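Examination of the molecular architecture
Below are the chains, spelled out letter by letter.
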Amino acid sequence: EIGVRLVGSEMCIRDSGIDADFLANAEASLGYEVMLNKRGTTYRQLGDSDKTDITREKALALLLEHPAMVKRPILNHNGTFHIGFKPAQYEEIFC
């Protein structure tokens, strides 16, 4: 079992939004399809025009406008981005 504690630049994107550079870098590594949370309330409340024909540019714009739609957590460790939290995944990353 591992313990993970975030120290320093903890970021609550619901309150403060998400940094466009961080979002673009994470997307370049993970892909917008992985980052866009289509199961959440915010996505489900979007109009049909926002939910159809989603391109990278459209997804990034939606994620900047509605940061609650970003799947979390996103971890940047040693220059590599990871998304989600599964104990086995974090054990592999940190051990």
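In case you missed it, the structure is sitting above this.
These notes cover the structure that comes with them. (Residues numbered from 1 in each chain as written. Predicted model: local features only at pLDDT ≥ 70, side-chain atom pairs only at ≥ 80, totals over all residues. Heavy atoms only, no water.)

Under the defined criterion, the tally for this structure stands at one salt bridge. Of the charged contacts, one joins E27 and R56 as a salt bridge, the two residues approaching to 2.6 Å between their closest N and O atoms. Taken together, the residues E27 in helix α2 (residues 20-30) and R56 in helix α6 (residues 56-65) connect sequence positions 29 residues apart. A residue is classified by how much of its surface remains accessible, and R56, at 33% relative accessible area, is partly exposed. (Salt bridge = Lys/Arg side-chain N within 4 Å of Asp/Glu carboxyl O. Helix = DSSP H or I, 4+ residues; strand = E, 2+ residues; numbered from the N terminus. Buried < 20%, exposed > 50% of the residue type's maximum accessible area, 1.4 Å probe, protein only.)

Residues of α2 that are buried: L23, A26, E27 and L30. Take α2 and look down its axis: the buried residues cluster within an arc of 100°, on one side only. Those residues of α2 that are exposed and angled more than 90 degrees off the buried face are D21 and A28. Each element contacted by the buried residues of α2 is listed here: α3 (32-35), α6, β1 (74-77) and β2 (80-83). Between the side-chain oxygen of the N-cap and the backbone nitrogen of D21 there are 3.1 Å, and the N-cap of α2 in question is D19. (Arc of directions from axis to C-beta. Contact = heavy atoms within 4.5 Å. Polar contact = N/O pair within 3.5 Å; in protein donor to acceptor, adjacent residues only side chain to side chain.)

Turning our attention to the nonpolar core. One finds L30, M35, L63, M69 and I74 to be the most contacted residues of the largest nonpolar core, which totals 20 residues. Of all the elements in the fold, those that place two or more residues in this core are α2, α3, α6 and β2. Contacts of L63, omitting those with residues within four sequence positions, involve I18, L23, M35, L36, M69 and V70. (Core = buried A, V, L, I, M, F, W, Y, C linked by side-chain atoms within 4.5 Å.)

For the peptide bond that leads from R72 to P73, omega is -5°, which places it in the cis range. Its location among the elements puts P73 in the loop between α6 and β1. Positive phi values are uncommon outside glycine, yet D53 reaches one of about 50°. Along the polypeptide, D53 turns up in the loop between α5 (48-51) and α6. Residue classification places D53 among the exposed residues on the basis of a relative accessible area of 70%. For N78, which is not a glycine, the phi torsion comes out positive at approximately 55°.

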